[in-house]
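Results of the structural survey
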Amino acid sequence: MDKSKQEEDYGYHLFPTRNKEKQTKTSLSESLFTFNHKCQVMLRFAKETSPYAQLLLSAMKSSGCNVLNDRHFTCEECDGTVSGGFDAASSQIVLCQNNIHQQAHMNRVVTHELIHAFDHCRAHVDWFNNFRHLACSEIRAANLSGDCAFGNEVARFNFGLKEHHQACVRGRALRSILAVRNISPKAAEKIVDEVFDTCFNDHAPFGRIPHSKRDAHFAYRDYENRNRYYANL
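The rules behind these values
Residues numbered from 1 in each chain as written. Predicted model: local features only at pLDDT ≥ 70, side-chain atom pairs only at ≥ 80, totals over all residues. Heavy atoms only, no water. Buried < 20%, exposed > 50% of the residue type's maximum accessible area, 1.4 Å probe, protein only. Helix = DSSP H or I, 4+ residues; strand = E, 2+ residues; numbered from the N terminus. Pairing = 2+ DSSP bridges. Disulfide = S-S within 2.5 Å.

Consecutive side chains along a regular strand alternate between the two faces of the sheet. Of the two faces of strand β1 (residues 73-76), both are covered, the one formed by Phe-73 and Cys-75 as well as the one formed by Thr-74 and Glu-76. Across four bridges, the pairing between β1 and strand β3 (residues 92-96) is parallel. Each bridged residue has a counterpart across the sheet, and for Phe-73 the counterpart in β3 is Ile-93.

Here the structure, examined in full by the defined rule, presents five disulfides. Note that Cys-65 is cross-linked by a disulfide to Cys-121, the S-S spacing being 2.1 Å. Its torsion about the S-S bond being 90°, the disulfide of Cys-65 and Cys-121 is classed as right-handed. In this pair, Cys-65 is assigned in the loop between α3 (51-62) and α4 (69-72) and Cys-121 in helix α5 (residues 103-123), connecting sequence segments 56 residues apart. One disulfide bridge connects Cys-78 with Cys-96, the sulfur atoms lying 2.3 Å from each other. Disulfide Cys-78-Cys-96: the torsion about the S-S bond is -90°, which places it as left-handed. Placement of Cys-78 in the loop between β1 and β2 (84-87) and of Cys-96 in strand β3 is noted, with a sequence separation of 18 residues between them. Side by side, Cys-78 and Cys-96 carry an identical accessibility label, which is buried. When the bonded cysteines of the protein are counted from the start of the sequence, the pairing works out to 1-3, 2-6, 4-5, 7-10, 8-9.

In this structure, the amide linkage connecting Ala-204 to the following residue, Pro-205, adopts the cis form with an omega of 0°. Notably, Ser-91 is not glycine yet its phi reads approximately 55°, a positive angle. Position of Ser-91 among the secondary structure elements: in the loop between β2 and β3. Positioned with a positive phi, His-124 is a non-glycine residue whose angle comes to about 50°. Its place among the elements puts His-124 in the loop between α5 and α6 (131-144). The class of His-124 is exposed, set by a relative accessible area of 66%.

Have a look at this one:
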């Protein structure tokens, strides 16, 4: 793949340290006072306490895709417009250490990107050539990660009643596609519309839309109990 085309068409320009030739290493990067250290601490806390992340990590392990912290997560400097990303080429989740400053935000980003990783594991998504695959995973990530939870929408001053959650999911999926692919808004909207109903109703591995941490906790409990049931058959 041509490197300039890769950066232009697949969103790599938003994650400049993905290009190792541009990365500058300094001793300060390991300092206790850096964004990197804070990012690593919040990542560990998300994995240990967030029921969203715990369910996804458990589901991926059950699917044969065990997630390793040092191998599959990386905290990096990013463009100011993004908080994270899933690099399918390296199977890595990128967390934008310069843009994530609160634990709740980290929890949502980790969950969002783990949904992409889960889809990558279970469905062999063609991220680079099939826009429908990409759109489906973006719809699922927006729907299941808490991105469109009522509290988050209120904080963004986005209000609505009828099918507001669906509108939020559709809008966030569309913006995500436009951020990482060289495609017109009209074409992206058409693709999202084509796959929306099917992908919006795909709740794996949660089994439901986890509208809150409480919902995610119950979904995680049900998932763990289901695994124990099948293990005894």
